[in-house]
Structure formats: C-alpha cells, structure tokens
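For reference, the chains in residue letters:
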Amino acid sequence: MMNPILLGAHMSIAGGVDKAIERGNQLSCTAIQLFTKNANQWRGKPFEKKEIERFAAKRKESNIFRILAHNAYLINLASANNSLRTKSINALIDEMKRCKTLSIPCIIIHPGAHLGAGEDEGIKNIINSLNLIFTKTNGWPVDIALETTAGQGTNIGYRFEHLARIIDGIKDKERIKVCLDTCHIFAAGYDISFAEGYDNVMKEFDRIIGFDSLVCFHVNDCKKGLGSHIDRHEHIGKGTLGVLPFRLIMNDRRFENIPKIIETPKDEDMKNDRRNLGVLRRMAKGK
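All of these numbers come straight from a predicted model, not from anything done at the bench. (Residues numbered from 1 in each chain as written. Predicted model: local features only at pLDDT ≥ 70, side-chain atom pairs only at ≥ 80, totals over all residues. Heavy atoms only, no water.)

### Re the sheet that holds strand β1 (residues 7-9)
What holds strands together in a sheet is hydrogen bonding between their backbones, with the strands either parallel or antiparallel. So the rule is basically this: Any two strands are treated as partners once DSSP identifies two or more bridges connecting them. Per the convention used, a helix needs a DSSP run of H or I reaching at least four residues, while a strand needs a run of E reaching at least two, with both numbered from the N terminus. Axis lines are fitted through C-alpha atoms, for helices just across the contact stretch, and the angle between N-to-C directions can take any value from 0 to 180 degrees. For this analysis, residues touch if any pair of their heavy atoms sits within 4.5 Å.
With parallel pairing, the eight strands of this open sheet are ordered in space as β1-β10-β7-β6-β5-β4-β3-β2. The outermost strands of the open sheet, each flanked by one partner alone, are β1 and β2 (31-34). Neighbour to neighbour, the strand axes of the sheet diverge by 30° on average, direction disregarded. The pairing of strand β3 (residues 66-70) with strand β4 (residues 106-109) spans two bridges and is classified as parallel. In the sheet register, Ala69 faces β4, and the bridge partner there is Ile107. The sheet strands contacting helix α3 (residues 82-102) are β3, β4 and β5 (143-147), and the helix crosses β4 at an angle near 145°. Sheet strands in contact with helix α9 (residues 271-284) are β1 and β10 (260-262), and its direction is about 160° off that of β1.

Written out as structure tokens, the structure is:
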C-alpha cells in the first residue's frame with residue numbers, strides 16, 4: 001500500500017480544539033495545522049478534560065496522520081525589549097505545554113522581528129530565547145520549527161542563512177526544525193517559479209540548512225512579486241508563483257513524507273480550502 005499524501009490546511013479551533021480535526025476530516029485532510037489558542041492573545045484558557053479526550057478520540061478515528069501547531073502572532077523572541085522577550089518566552093512555553101497535552105509533536109514559529117535593533121542582535125536574542133525555552137522544557141516531546149519569512153518589516157528568517165545561524169547556536173539541536181513557506185521564500189527573493197529556479201533553491205536550502213531539518217511545507221501562492229518582501233498569500237495557481245512550483249513540490253520524491261499545509265485565503269464554508277486542496281491532489285496524480 002502506498003503512503004498517503006500528507007496534505008491539509010490550517011484548521012480553525014473555533015468551538016473547541018477538537019473541531020479542527022472535524023473540519024480537517026470534512027476536507028479529507030491527512031495532515032492539519034492549528035493554533036492551540038486564540039492567535040491574537042498572550043494566554044489561552046486551559047483545555048477542559050473533556051476537550052482533550054474529544055481531541056484524542058477524533059484524532060484516533062480520523063485519517064489525519066500529522067498534526068502541527070503554529071504559535072500566536074504576538075510572540076517575538078527577537079525583541080531587544082527584555083520585558084516583551086520574557087513575555088514571549090513564557091507564552092511559547094505555555095503553547096508548548098498545550099501541544100504536549102494534545103500530543104502534538106511540533107510547533108511552528110516565526111523567528112521574530114528585531115524592530116530596529118539590527119539582524120545580528122535579533123538573531124542573538126532568538127538563539128538565547130530558544131536555548132532557555134529548550135532548557136525549561138527539557139524532556140518534553142515537542143520540537144520547534146522555524147518558519148522561513150518574507151522579510152516584511154524587520155522580520156528575521158528571509159534568508160536561509162538566518163535560520164542556519166540560529167540552528168548553529170542551539171544547544172539541543174535535535175529539537176530545532178524548519179518549515180518552508182513557498183509564498184514567503186518567493187517574496188524574499190528565492191525564485192521557485194520555474195523548474196531550474198526551483199532546483200537551485202532546493203539545492204541551496206539543502207546546502208545551507210539541510211532537508212533533515214525540514215518538517216513541513218506551507219504551500220501558498222503569493223499575491224506580490226519576487227523579492228517584494230510582502231507577506232500576502234494567494235490561492236494555488238492564482239498568484240505570482242503560478243502552478244509549476246506546486247506541481248514540482250507535490251511530485252518531489254524527497255518530500256513524500258513531509259506534510260504540506262495550505263494557509264490560503266479562507267471563507268466560512270471552507271470552499272476555498274476544498275478547491276485549493278483539490279488542485280494540489282490532482283497535481284500529485286499527474287493531472
């Protein structure tokens with residue numbers, strides 16, 4: 001039996017974290033991403049025992065083989081403001097605790113924004129923050145994946161070298177991973193819109209970071225142009241990336257076991273997600 005394509009979407013947890021699995025099932029997802037709490041708040045109310053039990057039961061009954069979490073938007077480990085950075089560290093540890101409760105093995109984070117302090121200072125702050133977080137969560141079965149960014153504002157992570165420098169400074173290297181976002185790397189200047197460009201960018205990623213660290217793709221088209229540094233996602237094949245890079249990713253044997261998650265524009269009845277996932281599934285079947 002062939003392994004299933006690990007494909008899905010970021011799912012809402014409105015109404016309870018277990019609802020993300022219900023929604024993923026409705027779209028025949030084999031992988032999903034979720035927030036463990038409201039993404040625009042520092043802390044979330046603790047999970048109720050019944051909610052945890054429902055999550056575990058629905059997960060067991062589903063065909064969802066991978067679940068990843070994404071951190072809240074307020075967290076900024078790169079900040080030079082000690083108070084904000086400490087708050088961010090504590091908030092991420094809290095989210096990791098929520099992942100541990102739900103048996104989610106990895107949380108994807110945006111590395112952070114230096115807010116004018118400079119990239120070197122920001123990277124140093126991220127390294128120190130992550131080392132402290134890993135020390136405080138020693139033994140927890142929860143890894144952290146750094147997401148590639150578009151480089152909007154003062155965000156760090158728009159060069160593969162940024163992520164490599166962070167990884168190099170982490171003591172517990174087994175727990176640090178990477179998530180590659182197609183929209184973000186294109187907006188950052190990595191041209192994967194044609195075959196040779198895709199090959200070259202993937203070779204560069206493997207040389208600088210290594211495929212061994214890759215745990216997730218965010219498959220999103222891009223509203224803005226190459227090197228725009230503007231983070232705006234578009235429906236698959238409807239943006240400046242076009243269909244080719246997605247067809248290449250969906251058929252790249254190196255990434256068969258890497259979950260591919262869409263974060264494309266949403267609507268209330270999930271029609272957009274259904275269409276985008278359908279496009280990607282057809283690509284995987286060579287259509």
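### A few points about unusual backbone geometry
Test applied: Residue burial is assigned from relative accessible area. The probe radius is 1.4 Å, only protein chains are included, and a residue is buried under 20% of its type maximum, exposed over 50%, and partly exposed in between.
A positive phi is found at Ser103, a non-glycine position, where the angle reads about 60°. Positive phi is not limited to glycine here, since His229 has a value of about 60°. Inspection of the secondary structure assignment puts His229 in the loop between β8 (221-222) and β9 (233-234). Since its relative accessible area comes to 27%, His229 is described here as partly exposed.

### Notes on the side chain of Asn131
Topologically, Asn131 is positioned in helix α4 (residues 119-136). Apart from residues lying up to four places away in sequence, Asn131 is in contact with Gly169, Ile170 and Lys171.

### What about helix α5 (residues 160-169)?
Basically, it comes down to this: The arc under discussion is defined with respect to the helix axis, by the directions toward the C-beta atoms.
Looking at α5, one finds that the buried residues are Phe160, His162, Leu163, Ile166 and Ile167. In a view along the axis of α5, the buried residues occupy a sector of 160°, so they form one face of it. Along its buried surface, α5 packs onto α4, β5, β6 (176-181), α6 (182-187) and α7 (195-208).

### With respect to the nonpolar core
Spelled out, the test is: For this analysis, a nonpolar core means a set of buried residues of the types Ala, Val, Leu, Ile, Met, Phe, Trp, Tyr and Cys, connected via side-chain atoms within 4.5 Å.
Residues Leu130, Ile144 and Ile166 are the most contacted members of the largest nonpolar core, which totals 78 residues. Considering every element that reaches this core, the biggest residue donor is α3, with seven residues. Ala31, Leu68, Ala145 and Cys216 belong to the second-largest nonpolar core, a separate cluster that totals nine residues.

### Let's talk about the environment of Ile230
Inspection of the secondary structure puts Ile230 in the loop between β8 and β9. Excluding its chain neighbours within four sequence positions, the residues that come into contact with Ile230 are Ala150, Gln152, Ala187 and Lys224.

### Points about the environment of Ala14
On the secondary structure map, Ala14 appears in the loop between β1 and α1 (19-26). Assessed through its relative accessible area of 45%, Ala14 is described here as partly exposed. Each C-alpha atom, one on Ala14 and one on Asn38, is 8.9 Å from the other, the two residues being 24 residues apart in sequence. If we skip the residues at most four places from it in the chain, Ala14 touches Lys19 and Arg23.

### Points about the pattern of salt bridges
Under the convention used in this document: What makes a salt bridge here is a side-chain nitrogen of Lys or Arg within 4 Å of a carboxyl oxygen of Asp or Glu, nothing more.
Evaluated as defined, the whole model comprises 15 salt bridges. Between Lys58 and Asp18 there is a salt bridge, with the nearest N and O atoms lying 2.7 Å from each other. Placement of Lys58 in helix α2 (residues 49-61) and of Asp18 in the loop between β1 and α1 is noted, with a sequence separation of 40 residues between them. The salt bridge involving Arg159 is made with Glu161; its shortest N-O contact spans 3.9 Å.

### Here's the deal with α2
Worth spelling out the cut-off: Helix span, expected: 1.5 Å multiplied by one less than the number of residues in the helix.
Between the first and last C-alpha of α2 there are 19 Å, a value that for 13 residues agrees with the 18 Å anticipated at 1.5 Å per step. At its buried positions, α2 is contacted by α1, β2, β3 and α3.

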